[in-house]
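Structural features, examined
The chain contents come next:
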Amino acid sequence: MQFKHPEILYFLFLLVIPILVHLFQLRRFKKEYFTNVQFLKELSVQTRKSSTIKKWLLLFTRLLLLACLILAFAQPFFTAKESLKATNEMYIILDNSYSMQAKGKKGELLKRAVQDLLEHTPEAQNFSLITNSETFWNTDIKSIQKDLQDLKYSATPFRLDNLIAKVNARKSAFNKDIIVITDGVGLETNQAKSFKKEDNVYFIIPEAEQKNNVSIDSVYIEQTLDNFYEIGVKLSANGEDITTVPIALYNQNKLTAKTLIDFKNTTETIKFTIPKEDFHGYVSITDKGLAYDNTYYFSISKPSKTNVISIGDTDKSNFLSRIYTNDEFAYTNFPIANLDYNLLEKQDAIVLNELKDVPQALQTTLKSFVNKGGNVVIIPAQESNVNAMNSFLANFGAIQLKAIASSDKKVTKINFNHPLFSNVFEKKIDNFQYPSTKTAFGINSTTPAILSYEDQSAFLTSISNPLSSVYVFAAPINKTNSNFQNSPLIVPTFYNMAQNSQKTGVNAIIIGEDQPFVVDALLSKDEILTVKNTPESFIPMQQLLNTKVKITFGDNPIEAGNFGIFNGTNLVQNISFNYTRTESNLSLANTDIAANYKEIDDIETVFNTIQTDRTDTQIWKWFVLLTLLFLVLELLIQKFVK
């Protein structure tokens, strides 16, 4: 027990006064003898005994009364067990990712958490609130009431370690109370390692009652026909007892097709056939789970001819003209001596077909070409100098050639998982007509091979960046050295190597992944591109690349949807944005993350616990009550004890 005013305890010496008074009242009386009457004598003895007891009772009562009064003024208290944490700063980390859209016992998890904060946070409590998308430093509940009520779900997944880093970046002389409110979906236990040892951490993990959910994962072109695209829509079902789900396809907000999908497995793919024209719409489902992943927006541009140039001897390049036909490609071939460098930047793909030497000017141009989104295919010549080729390949990444070797080798393995063959084969095959080569360079690369020899060495590999790819063959493929030109593999391989996915595939950007995008646009220095739809508009980061513009979107847009890229009022290209699907599986909630911390049911309990654990127990009021009690007791003794 401690005292707020310990100096008042000096007044306890006043307890001597009642004792002195009592001793004065107990002084001996002089004996006087009178008539020897037995009755009066006994009465006298009895009266003196009763009087002595009364005086002792009064003494103890007065001593206790005075002592309690002095102790009450000294204000005694018991120190709280966490009194040293009373100066802690409070931080509330609130998960507003889309998994918090799930419904708990009292409604959507995020809305319920916000309501609890508004109802139970003390008005005088200062704190900082950090969410996936918003930050409010050193505020109180009244100041951010409107912001909390308007808080929207964030497309940014909940990363606890990133948010803790924000808290730790705030320099302060005080320790921290950190309250984390999250459903735990997608959390990894090691993310909690960012907490400091001195932090006082509380976890509130609301649980969704309905964990069944169906999400649309992706849309892609399954097959390209003469006049139609066959698109595939991949869906995932998480939970139990999910059977049929309605699905609809919209173009420009007009219903194009509608059907039911029957879930026999956790993932299903449904196919739609659409005209080979511009498509700017979405596919949508209806389920009882999360709503954010029920719509997938995508855009497909009307196919235009792909520009391809091959550089090399005309005789050795004739096979390319049979692959890059006039109906889909604008193909030309130039010997190195007649090459028009001005045409290169207008191409989608460039094939270097068995060049003995790559001039330095061409190397510089190709490096810039790849950075702007163009694909390059490199077929080495038998006479190629290894050191010169490696110096050239170093412009694109970690890939090097080894010395050429004369040995008949068969190409026996296809990497079916490589994006180059993603839509080529209906099923995996292992008995195709094996092409072979007589001489070949070795390839040293960190990337997986696309086609491999029987000895597991690479025949064709690639280096990719977000915009383009560089494909490298290990051997010349002229008819003297190889029969690869006679293999059925040559058509899909070269066909897909020339294609630019942004011009021939589905445009559907994931918000927050900051994926670069290249559009064909010739801008002046004062012109900028704007991305917009009806409710939202923003200006992305952009870099002029002669006749093209490289765009990066950062965390924009805020909401998923179909957008247009505009130069002023002129539409340059359609593009669509979607939320990442990492929050869709509610069964992945990691509740074990709170195992080493204090897990509490609700925010009200957190504040009550902090108040109780850090508030000293004041007991001076009890001494006031005891003072009054002894005062009443003294009056009763005076009145009833004879």
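Preceding this section is the structure that the text describes.
So, a few notes on the structure that sits alongside this text. (Residues numbered from 1 in each chain as written. Predicted model: local features only at pLDDT ≥ 70, side-chain atom pairs only at ≥ 80, totals over all residues. Heavy atoms only, no water.)

With that settled, the discussion passes to the environment of Asp348. In this fold, Asp348 is placed in the loop between strand S18 (329-334) and strand S19 (349-355). It is 23 Å that separates the C-alpha atoms of Asp348 and Ala474, two residues lying 126 residues apart in sequence. (Helix = DSSP H or I, 4+ residues; strand = E, 2+ residues; numbered from the N terminus.)

Here we take up the environment of Thr273. Locating Thr273 in the fold gives a position in strand S14 (residues 267-275). Residue Thr273 is classed as partly exposed on the basis of its relative accessible area, which comes to 49%. Distance in space between the C-alpha atoms of Thr273 and Phe228 is 6.5 Å, their sequence separation being 45 residues. Look past the residues within four positions of Thr273 in its chain and what remains in contact with it is Phe228, Tyr229 and Glu230. (Buried < 20%, exposed > 50% of the residue type's maximum accessible area, 1.4 Å probe, protein only. Contact = heavy atoms within 4.5 Å.)

Next up on the list: the sheet that holds strand S32 (residues 548-552). Overall, antiparallel pairing links the three strands, which are arranged S28-S32-S31 in an open sheet. Each edge of the sheet is formed by a strand with only one pairing partner; in this case those strands are strand S28 (517-520) and strand S31 (541-545). Within the sheet, the average angular offset between the axes of one strand and its neighbour, ignoring direction, is 25°. The pairing of S31 with S32 spans five bridges and is antiparallel. Across the sheet, residue Leu545 finds its bridge partner in S32, namely Lys548. (Pairing = 2+ DSSP bridges. Axes fitted to C-alpha atoms, helices over the stretch in contact; angles between N-to-C directions.)

The next thing to look at is empty space enclosed by the protein. Rolled over the atoms, a probe sized like a water molecule indicates the empty space that remains. The tally for this structure, following the rule as stated, stands at one cavity of 30 Å³ or more. Estimated volume of the largest cavity: approximately 30 Å³. If you list the elements that add at least two residues to the lining of the largest cavity, you get S19 and strand S20 (375-380). In terms of residues, the lining of the largest cavity owes the most to one element, S20, which gives three residues. (1 Å grid on protein atoms, 1.4 Å probe; cavity = no way out; pocket = protein on both sides within 12 Å on 5 of 7 lines; lining within 4 Å. Points joined across faces, edges and corners; volume = space filled by probe spheres on them.)

Taken together, nine strands build an open sheet; the order of strands is S18-S17-S19-S20-S25-S24-S23-S21-S22 and the sheet is mixed. Each of the sheet's edge strands pairs with one partner strand only, and the pair in question is S18 and strand S22 (436-445). Direction aside, neighbouring strands of the sheet carry axes that sit 30° apart on average. Sheet analysis places strand S21 (residues 399-414) next to S22, joined by eight bridges and oriented antiparallel. Along S22, the bridge assignment pairs Ala405 with Ala440. On top of the sheet, helix H7 (residues 360-371) reaches strand S17 (306-311), S19, S20 and strand S25 (469-473); it is set at about 145° to S19, its chief contact. Across the face of the sheet, helix H9 (residues 490-498) comes into contact with S17, S18, S19, S20, strand S23 (451-453), strand S24 (458-464) and S25 while running at roughly 135° to S20.

Turning our attention to helix H5 (residues 160-168). When we look at burial in H5, the residues that qualify are Leu160, Asp161, Leu163, Ile164 and Val167. The arc that holds every buried residue of H5, seen down its axis, measures 160°, which confines them to one face. On its buried face, H5 sits against strand S3 (89-94), strand S6 (127-131), strand S8 (176-181) and strand S9 (200-204). (Arc of directions from axis to C-beta.)

This part covers the nonpolar core. Across soluble globular proteins, you tend to see nonpolar side chains buried next to one another. If you look at the biggest cluster of nonpolar residues, it comprises 61 residues, and the most contacted ones within it are Ile378, Leu451, Phe459, Phe473 and Phe494. Of all the elements, S19 adds the most residues to this core, at five residues. Not counting residues up to four positions away in its chain, the partners in contact with Ile378 are Leu352, Met389, Phe392, Leu393, Phe396, Val470, Tyr471, Val472 and Phe473. Membership of the second largest hydrophobic core comes to 55 residues, among which are Ala113, Ile179, Tyr202 and Val606. (Core = buried A, V, L, I, M, F, W, Y, C linked by side-chain atoms within 4.5 Å.)

Attention now goes to unusual backbone geometry. Of note, the bond from Asn556 into Pro557 is cis; its omega dihedral lies within 30 degrees of zero at -5°. If you check the backbone angles, Gln252 has positive phi at about 55° while not being a glycine. Tracing the sequence through the fold places Gln252 in the loop between strand S12 (244-251) and strand S13 (254-262). For Asn253, which is not glycine, the phi dihedral falls at a positive 65°. Assignment of secondary structure puts Asn253 in the loop between S12 and S13.

Right, let's talk about the side chain of Gln485 for a bit. Turning to its location among the elements, Gln485 is positioned in the loop between S25 and H9. A relative accessible area of 16% means that Gln485 is categorised as buried. If we skip the residues at most four places from it in the chain, Gln485 touches Lys316, Phe319, Arg322, Ile477, Asn478, Lys479 and Ile490.

Now for the pattern of salt bridges. One pass over the full model with this rule turns up 13 salt bridges. In this structure, Asp116 engages Arg112 in a salt bridge whose closest nitrogen and oxygen atoms are separated by 3.0 Å. Of this pair, Asp116 and Arg112 both sit in helix H3 (residues 109-120), separated by four residues, roughly a single helical turn. With relative accessibility at 16%, the residue Asp116 sits in the buried group. Judged by relative accessible area, Arg112 falls into the partly exposed class, the value being 25%. Look at the salt bridges and you will find they share partners, linking Arg112, Asp116 and Glu119 into a network. (Salt bridge = Lys/Arg side-chain N within 4 Å of Asp/Glu carboxyl O.)

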